Amino acid sequence: MEMKSNAAKGKKLHSKNAAMIASYGGLIFCIVLFTIVTPLKGESIWSPTKLATLMSDVIVTALMSVGAVFIYALGNLDISIGKQIGLYAAVMVTVGNLTGSLIPGILLCIALSMVIAVINGASGPLLNIIPIIPSVVVMQVLSGIITVIFATLGTRSITLKTIDYSIFKSPVLMLVVLVIEVAVAVFLFNYTAIGKQARMLGANKVSASQSGVSTVKVRVLCYIIAGICFVVAAIFQMGYTGSASDSTGTGFEMNIMVALILGGMPISGGMRSRISAAVVGAFTFSLLDVGLPMVGLPTRMTFIVKAIVFLVVVLITSRSKKSNVLPK
Amino acid sequence: MRVWNKVTKRIAAAVLVSSVAATALMGCGGSEAPKETNNAEETTKGGKILLMANSSSGPMYDFNLAYMDMWTEELGYTYEVIYGDAANDPAGNLNAVKNAMTSDVVGLITMQDGGITDIMAEYPELYVAGVGSDMASVYSEGGASAAAAENDHFLGTVAPGYVDGIEVGKMFAKAIEDAGYKKIAVCMSPAFAYPQYAIADQTIRAEIEAYNETAEEPIEVVDDEATVLMFKPLDDTFFNEPDHKDLDAIVGLCGGQMFVYPTLTNAIGNGTANPDTKLLTLGLEGADDLVADVGTGIVQQLYVPNFEEIFFPIVMIDNAIQGKQYSDFTKSEVLDGVYVSITSDEIMTNIEENSPLLSADMSKTSVSIEVGKEYLTRYNPDATYADLKEFMASDAFSEKAYEK
Amino acid sequence: MKRKMGIGKRIVGTLALPVIMFVIMMIFCYSNGKMYFGTMDMWKTLIVNITISTTCALGIGLQFNNGRFDFSGGAVMLLSAIVGGNIAKNMNNNVVLFAILCAVLCTLLSVTVALLYVYGRLPVAISTITMALIFEAITPLVYNGAGINFIANMEMKKLATFPGVLIPFLIAVLVYVFYKRYTLTGKQSQLLTNNQGAAVDIGINEKKNVILSYVFSGIIFGCATMVWTSTTIKSASFTSLSTVSDLFTNILPVFIGLALSKYCGEAIGTVIGAITLSLMSYGLQAVLSAELGSAISMVMMGLFIFIFNIITTPYGSVVTAWFQARKRKGELKKA
């Protein structure tokens, strides 16, 4: 009896382990593959220039994804993230050119992110509307606003004129900011009520609200935390080239979704949500972006390879256990 | 089992952290020198050239790849096609270059000007030249990439046609007058992205006004201003305007086959536009139906930029890499591209049969290896930049189109 | 016993929204000198946009109303358009063949999505995202990444211009209605949506139901593809999940359809939603200048959907609750 119980426990731990290994496994597989193959093709992926490229490629996706974990943990999707990044970048450049400093622009973006967070987070439960609606509406509205801004400015892209933005190209700064953001996010997500309540809401909204979790307050706070992370990501997005265009941020919400799923984040949120999924997924995504051209794969082939890697990883990490109903 | 779980996590975390830390803590290192080859006479330098394309298919794309195949093999380079950002976003273009950059990359031929300064700042040893783009952000006053014009590694560009909007306007005005159209409309890409088209529009109107002073039947240009196409096809509402239902022709100061043609054909199919409305425009889409339509159907006049103008950046980059740039080359500039005017089915057929544009058959190219060597200083030390400019502006590129 | 809604109330409920939008846009256009609003030419122009919007919305809505958010619709349409279009072009521009290929390919690709969901035991969002990535990744590999270009092909455009466009439009609506009302699959899917566990417990084969529902949504997407392919040049996808953004634009009529379903059913409600939004978009673009027209149109459409959903939400509108509370208060005071 005891042997059977131990075997069952072992099986359960093993399956939990498999999902965890698979989410890290995708990253480890990429690291091992590119470490072995890229030097054979002429240049190692760990060369200084390529590492710097990797860091600059991953930083925006990683910063956004860490913030997005709070939203996804609630079981929500936010498809306005890309347009938010575009708006923040445009505002920072415009205000930066007007004032000669990035600080006012950053503060304004934080204020904007809070307004957007309240709309996205509170309008669903307060107004009883379908949860995806506020996100779709915000995406449409921001898209229109960005087009109007650039049409009024009479250009497709704007650049910082007098501010020195070279600091944003430093891989060291990128790493430091990422580590700080991850540390703060881990603390908030795992050791404070907000993170726990977010996961509770994602797991079972009814039980969570009946146990005293304030749906509106938790949602708004999660969206605010995510919004601040998006502003930080927008700083680096804008800062690398000192510019913003009418297409900045296009498709970023999809990159986040792909990165989080690659990292093993459950799309319906809940108790299995974790911050590490964001970092692991973002690095896996960027390693594929940077590494596949280095192994000599034509650009057209890189998409199918990425899709197949994605398929393999999700089949291992996201499969539900067998039951008589299909997963939602 | 629990210990194994912890150990696995720790190993994974260690790999992750060490790779991330290595990223940040590595300093800038040297890069491998590009390969050098010895030929019979002297050492020549090789390496890889990146071609940043603004499209991923079509006749120009296929032709450029075949042309690059031919010339890079001859000159001892390799090349790789990378795809610029669809909206010419500086960050997107920089990202495309960064992801493709390896230590043997020595040159970049680019069809988009977004982020040029950032690319050149990131890779100061890289030689950059443009093709099929007037590099407005580099050469216009206060342009976002104006610093590139002063960079000695930026070698200039050749535009997809006349840089000067006045010449474009005169070209179209003459075509309208010669064809006998009496009622026309003008559509164009936004002035902030293509200022030369705004000038072209004004020139067309001025030329037609001058023509009308002595003409028996004046030409009407509907609307006081051109219809602006915001990087998407012409609105469906265009042909519901009463004035637009019976147009003789539309002038498309844009890639008209992509941005005007679909709406026009939809409207003709729906019965809301004059089925005899013609299109005069720029650029060429290679689909069989569109090619067959030119000169016989809706598209009556098509101005295609010289498809062999990619020769210019190849020459300039090779001269620079070999350390033998033209002695009279002092500053980068934007050259006018030669238009091939396709005004009849015969010319379209000539292009199909005698030129490499739609077939990518390099045996039909005007700038063969023998012709091109005249302008490469590694073969002809007496070659000059003035000679190259004259050649790029000559009829050499279009004579096959007009062969009788 | 709940009284059945009268036919008059149904008609008013169904037509109120598009009629009000029509009147508002007519006043807006006429006051700005655009007197062609409301003419036959406008309707001939709009019918193509309405068809694309309706057929896409019906395809998305079929799964959405079953509790499944399908991200793969756009990728299914793109890959089918490229493969089917190139085959039909090489077979002497056979428009009938093209139509059949669109329906067949969309159905096959949709069923592939369903199979991954059903047998992969992945959450539906992840299944559909995975297949969207795979389908999009195939598009640069087939036919040398050239995509499909039918803009000059008047033969193929027969299904994308008036009156031929009415054929895929009607087929899509009829397939949707047939699925919802006259098939066992459609009725069972309603039970599964309401209570998945209970429905399975009473013997409904959920896997078979899901696969069959994707067959129907595939046919509807096929109708959308027939029209959508020849409106503009369709290029291969070189950016991950680039087709998903179109999906979120085409989902808007679904929400209107949900709200109007009590008057006219989801299918007609979705058509009404597509007509309403198309009228709004047309009117705004006709009046506003090119640079701002589509931008303001997007903002207005977003706000319209937001306000519309606040009033008509299926979860109990706070606006109607407020009015009802006021009415009760008034009645209590009288009493």
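Our structure is the block above this text.
We now turn to the structure provided with this report. (Residues numbered from 1 in each chain as written. Chains lettered and ligands numbered in written order. Predicted model: local features only at pLDDT ≥ 70, side-chain atom pairs only at ≥ 80, totals over all residues.)

With that settled, consider the overall build of chain A. On a plain count of helices and strands, chain A comes out with 12 helices and 2 strands. The order of helices and strands in chain A, counted from the N terminus, is α-α-α-α-α-β-α-α-α-α-β-α-α-α. Taking 20 Å as the expected radius of gyration for a compact globule of 328 residues, we find that chain A reaches 21 Å, a close match to that expectation. Taking the principal axes of the C-alpha coordinates as reference, chain A spans close to 75 × 60 × 30 Å. A buried classification covers 57% of the 328 residues belonging to chain A. In chain A, once contacts between residues fewer than 6 apart in sequence are set aside, the share between residues at least 24 apart is 79%. (Helix = DSSP H or I, 4+ residues; strand = E, 2+ residues; numbered from the N terminus. Rg over C-alpha atoms; globule rule 2.2 N^0.38 Å. Buried ≥ 20, exposed ≤ 12 C-beta atoms within 10 Å, placed from the backbone. Contact = placed C-beta atoms within 7 Å.)

If you look at the interface, chain C gives 50 residues, while chain A gives 41 residues. Mapped by element, the contributors of at least two residues to the side of chain C that touches chain A are α4 (95-120), α5 (124-138), α8 (196-201), α9 (206-228), α10 (244-250) and α12 (290-312) of chain C. No other element matches the 13 residues that α12 of chain C contributes to the side of chain C that touches chain A. Residue classes in the side of chain C that touches chain A are distributed as 32 nonpolar, 14 polar and 4 charged. (Nonpolar A, V, L, I, M, F, W, Y, C, P; charged D, E, K, R; others polar.)

With that settled, the discussion passes to the packing of α4 of chain C against α9 of chain C. All names here are of chain C. Interaxial distance between α4 and α9 falls to 7 Å at its minimum, and their mutual angle equals 145 degrees. Once α4 is placed against α9, the crossing between them reads as right-handed. Contacts between α4 and α9 pair Ala99, Cys102, Ala103, Cys106, Thr107, Leu109, Ser110, Val111, Val113, Ala114, Tyr117 and Val118 from the former with Lys207, Val210, Ile211, Tyr214, Val215, Ser217, Gly218, Ile219, Phe221, Gly222, Thr225 and Met226 from the latter. Considering only residue class, the contact of α4 with α9 consists of 17 nonpolar, 6 polar and 1 charged. (Axes fitted to C-alpha atoms, helices over the stretch in contact; angles between N-to-C directions. Left-handed = near helix turned anticlockwise from the far one by under 90°.)

Let's shift gears to the sheet that holds strand β6 (residues 127-131) of chain B. Residues and elements named next belong to chain B. Strand order in this open sheet of 6 strands is β4-β3-β5-β6-β7-β14, and the pairing throughout is parallel. In the strand order of this sheet, the two ends are held by β4 (77-83) and β14 (334-335), each with one partner. Here 3 bridges tie β6 to strand β7 (residues 154-158), and the two strands are oriented parallel to one another. Within the sheet, the bridge partner assigned to valine 131 lies in β7 and is valine 158. Running at roughly 155 degrees to β4, helix α2 (residues 59-75) makes contact with β3 (47-53) and β4 of the sheet. Here helix α11 (residues 311-321) sits on the sheet in contact with β3, β5 (105-110), β6, β7 and β14, set at roughly 170 degrees to β6. (Pairing = 2+ DSSP bridges.)

A few words on the environment of asparagine 190 of chain A. Residues and elements named next belong to chain A. With respect to the element layout, asparagine 190 can be found in helix α6 (residues 171-191). When the 12 C-beta atoms within 10 Å are taken as the criterion, asparagine 190 is described as exposed. Separated by 84 residues in the primary sequence, asparagine 190 and arginine 274 have C-alpha atoms spaced 8.4 Å apart.

Next up on the list: unusual backbone geometry. Residue and element names in this part refer to chain C. Cis geometry marks the peptide bond from phenylalanine 162 to proline 163; its omega dihedral reads 0 degrees. Positioned with a positive phi, asparagine 92 is a non-glycine residue whose angle comes to about 60 degrees. With respect to the secondary-structure elements, asparagine 92 resides in the loop between α3 (73-90) and α4. The exposure class assigned to asparagine 92 is exposed, which follows from the 8 C-beta atoms found within 10 Å. Phi at asparagine 144 is positive, roughly 60 degrees, even though this residue is not glycine. Structurally, the position occupied by asparagine 144 is in the loop between α5 and α6 (166-182). Note on asparagine 144: 13 C-beta atoms within 10 Å, which makes it partly exposed.

With 25 residues, helix α2 (residues 40-64) of chain C should cover 36 Å at 1.5 Å per step; its first-to-last C-alpha distance of 34 Å lies within 8% of that length. Of all the bends in α2 of chain C, the greatest measures close to 30 degrees and is centred on leucine 46 of chain C. (Expected span 1.5 Å × (residues − 1). Bend = angle between axes of the 7 residues up to and from the residue.)

If you look at the biggest cluster of nonpolar residues, it comprises 338 residues, and the most contacted ones within it are Leu63, Val69, Ala234 and Ala278 of chain A, Ile184 and Cys187 of chain B together with Ile220 of chain C. Here this core gathers at least three residues from each of two domains, domain 1 (40-161 + 307-338 + 370-394) and domain 2 (165-305) of chain B. When neighbours within four sequence positions are excluded, leucine 63 of chain A is seen to be in contact with Leu178, Glu181, Cys229, Val232, Ala233 and Phe236 of chain A. (Core = buried A, V, L, I, M, F, W, Y, C linked by C-beta atoms within 7 Å. Domains from an automatic or database assignment.)

Attention shifts here to α9 of chain C. Note that an α-helix has 3.6 residues per turn; residues three or four places apart therefore point the same way. Between its first and last C-alpha atoms α9 of chain C spans 32 Å; for 23 residues at 1.5 Å apiece the expected length is 33 Å, and the two agree. Burial analysis of α9 of chain C places 18 of its 23 residues in the buried class, which makes it a mostly covered element.

The residue valine 136 of chain A is located in helix α5 (residues 132-153) in this model. In sequence terms valine 136 of chain A and asparagine 120 of chain A are 16 residues apart; their C-alpha atoms lie 9.5 Å from each other. With residues up to four places along the chain from it excluded, the contact list for valine 136 of chain A reads Ile79 of chain A together with Phe248 of chain C.

All names here are of chain B. Relative to β4, β3 runs parallel, the two being bridged by 7 bridges. Its bridge partner lying in β4, glycine 47 is registered against tyrosine 77. Read as a crossover between parallel neighbours, the route from β3 over α2 to β4 is right-handed. (Right-handed = clockwise from strand over helix to strand, strands pointing away.)

The next thing to look at is the packing of α4 of chain C against α5 of chain C. All names here are of chain C. Taken N-terminus to C-terminus, the directions of α4 and α5 make an angle of 135 degrees; their axes are 9 Å apart at the nearest point. When the axes of α4 and α5 are compared, the pair comes out oblique. Read as a crossing pair, α4 and α5 show a hand that is right-handed. Residues Leu109, Thr112, Val113, Leu116, Tyr117 and Gly120 of α4 pack against Val124, Ser127, Thr128, Thr130, Met131 and Phe135 of α5. Considered class by class, the residues forming the contact of α4 with α5 number 7 nonpolar, 5 polar and no charged. (Parallel < 35°, antiparallel > 145°, perpendicular 65-115°, else oblique.)

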